[in-house]
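Coordinate analysis (summary)
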Amino acid sequence: MIKTVFLFLLIVITTSCSNIQLVLDDKPKTNFLKNNSSIFVSGKKYENFSQELFSYFGNNKKGEYIIQTTFFEKKENIAVKKNQVAEKIDYELSVVYNIYHKDISCNVFNKTVLTKFSFTPKSSGYNFGTDRSLERLYKTSIKNNIETFINSFPNNKKPSCI
């Protein structure tokens, strides 16, 4: 009796799991700009943004492409107390990416990527934990911005002139 129940459950589980599709994409995305481009950053100078760009793309002066970025930050106090201390601050990071091909001398890709995050300071004065939290949120938003830009290429293939 136990053997038949076990055999029946084995058959049911085997047939019910026969149509499982794996979600993981095995094709690695190729970043053709990695170590094949020069990077120029303009706009508001934020050191972490430049560092993240260099970590994603490298900075090869002899590469085929020029990545020109313009970084903007918009900071808006949402909730303000009577003594003018902000209780909630919204940040909007906007980066304009332009990719130029050196050999062909043409623009191959333009994209403006916008990322937002909110920050709630924990004290009205200096607070080390609050500052570290803001820095972490800022860095995560910058990484998301760059990854959104990289993933915006159609199939991540080399673009032609636009």
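What counts and how
- Residues numbered from 1 in each chain as written.
- Predicted model: local features only at pLDDT ≥ 70, side-chain atom pairs only at ≥ 80, totals over all residues.
- Heavy atoms only, no water.
- Helix = DSSP H or I, 4+ residues; strand = E, 2+ residues; numbered from the N terminus.
- Buried < 20%, exposed > 50% of the residue type's maximum accessible area, 1.4 Å probe, protein only.
- Contact = heavy atoms within 4.5 Å.
- Areas by Shrake-Rupley, 256 points an atom, 1.4 Å probe, with all protein chains shown as cover.
- Salt bridge = Lys/Arg side-chain N within 4 Å of Asp/Glu carboxyl O.
- pLDDT = per-residue confidence, 0-100.
- Polar contact = N/O pair within 3.5 Å; in protein donor to acceptor, adjacent residues only side chain to side chain.

Considering the overall build of the protein chain
Looking only at helices and strands, the protein chain features 3 helices and 4 strands. Element order for the protein chain, N to C, with α for helix and β for strand: α-β-α-β-β-β-α. With 162 residues in all, the protein chain has 30% of them scored as buried. Sequence-distant contacts, at least 24 apart, represent 63% of the contacts inside the protein chain between residues at least 6 apart. Of the roughly 11100 Å² that the protein chain leaves accessible, carbon and sulfur atoms contribute 56%.

Some details on the pattern of salt bridges
Enumeration over the complete set of coordinates arrives at 1 salt bridge. Note that Lys-116 and Glu-92 form a salt bridge whose closest N and O atoms lie 3.7 Å from each other. Separated by 24 residues along the polypeptide, Lys-116 in strand 4 (residues 106-119) and Glu-92 in strand 3 (residues 86-101) bring together distant segments of the chain. For Glu-92, a relative accessible area of 25% corresponds to the partly exposed category.

Some words on the confidence of the model for the protein chain
In the predicted model, the protein chain carries a mean pLDDT of 79, and 78% of its residues have values of at least 70. For the protein chain, the element scoring lowest by mean pLDDT is helix 1 (residues 2-16), at 82; strand 4 scores highest, at 89.

Quick word on the side chain of Asn-145
As for its position among the elements, Asn-145 is in helix 3 (residues 128-151). At a separation of 2.8 Å, a polar atom in the side chain of Asn-145 contacts the side chain of Tyr-97. Discounting residues that sit within four places of it in the chain, Asn-145 has contacts with Leu-93, Val-95, Tyr-97, Val-113, Leu-114 and Thr-115.

A few points about the environment of Leu-53
Positionally, Leu-53 belongs in helix 2 (residues 47-57). On the basis of relative accessible area, Leu-53 is assigned to the buried category, the value being 0%.

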